[in-house]
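Survey of secondary and tertiary structure
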Amino acid sequence: MKKLVLFFLTVWAFQSAKADEGMWLPMMISQNYEEMQRLGLKLTPEQIYSINRNSMKDAIVHFGSGCTGEMISPKGLLMTNHHCGYGSIAAVSTVDKNYLMNGFMAHTMDEEIPCPGLSVRFLIRIEDVTKEVNDFLGDAYGKEVEKKQEEIFKKITTAANEGKTYESDVKSFYAGNRYYLLVYQRFTDVRLVATPPENLGKFGGDTDNWMWPRHTCDFSMFRVYSDNDNKPAAFSKNNRPFIPKHYLPVSMKGVKENDYAMIMGYPGRTTRYMTSYGVDQAININNPTTVSVRDKRLAIMREEMEKDPAVDLAYASSYAQIANYWKYFIGQTEQLKRLNIIGEKEKEEEAFQEWAKENAREYKKVLKDYQKAYAAYQPYAKHAVLYREAFLASTLTKYALGFDALQKAMKANVSSDSLNVICKKLLKNRKSFDGFNLTLDKRVFAALNQMYYEEVSKSQHPEIFASDVFANHGNADWKKTFEDYAEYVYSNTLLLDSAALAARCNADSVQVLMNDPAIRYALNVMQNYMDNYDPKAKEFGYDMFELNRAYQGALLEKNKNKKMYPDANSTMRVTYGKVLPYAPKDAVFFNYYSTADGLMEKYKPGDKEFDLQAKIVDLLKRKDYGDYADKNLGNLVTCFITNNDITGGNSGSPVINGDGELIGAAFDGNWEAMSGDIAFDTRYKRTIVADVRYILWVVDRVLDGRMLLEEMSLRN
Ligand code: ARG
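Residue numbers restart at each chain and count upward from 1, following the sequence in its written direction. Only residues with pLDDT of at least 70 get local features here, since the model is predicted, and only at 80 or more are side-chain atom pairs given and counted; chain-wide, interface and lining totals rely on the full set of residues. Computation of side-chain values covers all heavy atoms of the structure but excludes hydrogens and water.

Some words on helix α6 (residues 130–137)
Rules: To sort residues, take the accessible area from a 1.4 Å probe on protein chains only and compare it with the maximum for the residue type: under 20% means buried, over 50% means exposed, and anything in between is partly exposed. Helix and strand assignments follow DSSP, with helices taken as H or I runs no shorter than four residues and strands as E runs no shorter than two, numbered in order from the N terminus. The arc in question is the one spanned by the directions pointing from the helix axis to the C-beta atoms. We call two residues in contact whenever any of their non-hydrogen atoms come within 4.5 Å of each other.
Restricting attention to buried positions, one finds in α6 the residues T130, V133 and L137. Angular distribution of buried residues about the axis of α6 spans 75°; they occupy a single face of the element. Facing away from the buried side of α6 by more than 90 degrees, the exposed set consists of K131 and D135. On its buried face, α6 sits against β6 (120–128), α7 (143–161), β7 (167–173), β8 (178–187) and α22 (517–558).

Side note on the packing of aromatic side chains
Spelled out, the test is: Classification of ring pairs uses Phe, Tyr and Trp, with its six-membered ring standing for Trp, and accepts pairs whose centres are within 6.5 Å; under 30 degrees between planes counts as stacked, over 60 as edge-to-face, and the remaining range as tilted.
Summed over the entire model, instances satisfying the criterion amount to 46 aromatic pairs. Look at W210 and Y328: their rings are 5.5 Å apart centre to centre, the planes differ by 55°, and that puts the pair in the tilted class. Pair noted here: W210 is in the loop between α9 (205–208) and β10 (220–226) and Y328 is in helix α11 (residues 309–338), with a separation of 118 residues, a long-range link. Of the two residues, W210 and Y328, neither departs from the other in class, the shared state being buried. Pairing F433 with F436 gives two aromatic rings, centres 5.0 Å apart and planes at 90°, and the pair type is edge-to-face. Residue F433 is classed as buried on the basis of its relative accessible area of 10%.

Quick look at unusual backbone geometry
Between W212 and P213 the backbone carries a cis peptide bond, its omega angle lying at 5°. The phi dihedral of N413 falls on the positive side, at around 55°, and the residue is not glycine. Tracing the sequence through the fold places N413 in the loop between α15 (404–411) and α16 (416–428). The residue S570 is not glycine, and still its phi comes out positive at about 60°.

Considering the pairing of strand β21 (residues 687–691)
A regular strand carries its side chains on alternate faces of the sheet. The condition that has to hold: Criterion used throughout: strands pair if DSSP finds at least two bridges between them.
Buried residues dominate β21, accounting for 5 of its 5 residues. Burial along β21 is two-sided: T687, V689 and D691 facing one way and I688 and A690 facing the other are all buried. Inspection of the sheet shows strand β20 (residues 662–669) paired to β21 by 5 bridges, in the antiparallel sense. Among the inter-strand pairings, A666 is bridged to a residue of β21, identified as V689.

Some thoughts on the pattern of salt bridges
Stated formally: Take a side-chain nitrogen of Lys or Arg and a carboxyl oxygen of Asp or Glu: if they are within 4 Å of each other, that pair is a salt bridge.
Under the criterion given, the structure shown has 47 salt bridges. Between E354 and K357 there is a salt bridge; the shortest N-O distance is 3.6 Å. Of the two residues, E354 and K357 are both situated in helix α12 (residues 341–359); the distance of 3 residues between them amounts to about one turn of the helix. A salt bridge links K382 to E455; its shortest N-O distance comes to 2.8 Å.

Remarks on the nonpolar core
Inclusion rule: Here, nonpolar core refers to any group of buried Ala, Val, Leu, Ile, Met, Phe, Trp, Tyr and Cys residues whose side-chain atoms link them within 4.5 Å.
Counting 211 residues, the largest nonpolar core has M221, F403, L406 and W697 as the members making the most contacts within it. Considering every element that reaches this core, the biggest residue donor is α22, with 17 residues. With residues near it in sequence (within four places) discarded, L406 still touches L419, I422, C423, L426, C505, V510, L513 and M514. Grouped together as the second largest cluster of nonpolar side chains are 14 residues, I124, L137, I152 and I156 included.

Section: the site of the ligand
Our working definition: For each residue, the test is whether any non-hydrogen atom lies within 4 Å of the molecule or strand; if one does, the residue is near. As used in this structure description, the phrase polar contact means that two N or O atoms lie within 3.5 Å; if the pair is within protein, one of them must be able to donate a hydrogen and the other to accept it, and residues adjacent in sequence are counted only when both atoms belong to side chains. In these tables, accessible area is a Shrake-Rupley quantity obtained with a 1.4 Å probe, and a residue counts as shielded only by the protein chains included in the view. Only Asp, Glu, Lys and Arg are considered charged, only Ala, Val, Leu, Ile, Met, Phe, Trp, Tyr, Cys and Pro nonpolar, and every remaining residue, Gly among them, polar.
The full set of residues close to the ligand is H83, K202, G205, D206, N209, W210, N324, S651, F667 and D668. Between the ligand and G205 there is a distance of 3.1 Å, counted from a nitrogen atom to a backbone nitrogen or oxygen. A distance of 3.2 Å separates an oxygen atom of the ligand from a polar atom in the backbone of F667. Considering the ligand on its own, with 350 Å² of exposed area, one finds that the protein chains cover 94% of that surface. Elements with a contribution of two residues or more to the shell around the ligand: α9 and β20. The class makeup of the residues in the shell around the ligand is 2 nonpolar, 5 polar and 3 charged.

Encoded structure:
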């Protein structure tokens, strides 16, 4: 009987647990405030987002080129994900001092490691500039909008920047139905403070990636530095730790099911208003093509990386990024099909059509026009993906494309001085060969250009396949053809030899340079694409812009009595919900938290993804969890899940309880909801969070970094 009651309670809980869809702009939370309070929020809207007073938003940064970080001490200490710090950690590592592999802790501020190129920016304010932008755009259409937008955005941001004090963006929301100005302050002196060893920070590797249950301790810590006036400054020994307007206190209390959870961060991109036609294109063209190219590329990279620790380190970050979205697209396709998202979208579209017929006849044709636009672009869609994913994969090719500027300059008969200036720049760009591995790149070039040849329809091929590749290296075996051709290109190009290149790159001998095999190939394929197929992609883009503007504008009208959030666009958003388990499929139930027991269950000595260092195994065996153990469980909680609405870019975001305290670092989404960027599923969508107590346990016990805890404000 008791069991039966429990069963009904569980079923009831699932049905009434409305997962909380919506990535709200911070100033929109007032419309959600009652619901947030009902769920357990104790703060006022002003404490979360205010442009007049210090508020929670002042603790949140846009980290690096696309993650989120948060201030966790009054001395500029910043937490983000391990996979967000990954590139910087790899860049400051060497085979001998391999912080990526072994972890790192700066025991004093002097030991912190500068990370050139890494920066963070704080949001200063957001302003609605819709009227100003629209007045300027008038009835501009398609391509013209792009040009005019650029102009008016520039005018608005230049004023907002106040010289070089700030940097700002104007961004379009609801596909051009609203425009907001976002003003930021950027800090460029950011130093590495702490990172777990990779086998904790990326525990479970690609096998566990995008999956729950999880045991990854996906965090890293940095420190933001400023000049003596607390203002941004280039790296200097004299800089001092930045004092943030707000930093997050850290909760040691842990979470229970149904606890309030809120996330503030920078989600990158969603396309929730995509039509069924778009989903069809994703399922049948874009996703499978991307996955098959990446399959190949990753297999080659893996083989070469395994041969040499230096290659492994040099390509680690690039590998992780490619693999992350390789698995993402596999999961997205699987879930779009399983959840019948096309069918769901079709239902919404039918309802839209009904509404338009009754209320807004000017929108009656929008969906038909979508269908036409997708159909018109269909023959070229695959080519666009292959161009990006396959042709552009090799470092040599990407570098060779830079010589387009030289070719254009020659055709324009510019002075030899100007040619020399271009050459100088090109030589400087050889930096892109840092860490370059010739064998790996050559193999990628051969295999992926073979795919490009095979997968792009023959009628769209560039000339060079016939004139060079097959004319000189042709073979019934295409694999051999492209391998021979790659061998020829890589052994004869001057681009890999900076001295030889420097000797040739000048006004006198550029003509010869243009016959370099790598340049010939790159420019020929590129020109074919740019002349004939990129215009199709652009035209499709303008069609989409206009249709999305009309469709989302109509939806705003249709939903005017409901709340409607804009798609993610790398601007700050708030999502709120709660800690919640889920049932991924019939008869299976996933608890909302994982524990250190799971680390030991998954532990596989010697395995690249599931190994653990002896020190960690020892701590786990002794169950030495100290104050970081959960009081009720007597165990170390590693990760937990919430029903918050996040996406890539939110990585590193703070998960915050009803009292405004940090309870964890958001780092992933779950497999069963991988279609979430296109359609949010309230039953399955979960955010995966590293429990802050797990993070602090690693800082203290694994990395011996207790002094960092003293900077924080820990709340029991
Ligand atoms: N899926 C995570 C995200 O995009 C990244 C996880 C990185 N870990 C990995 N094994 N690649 O936010």
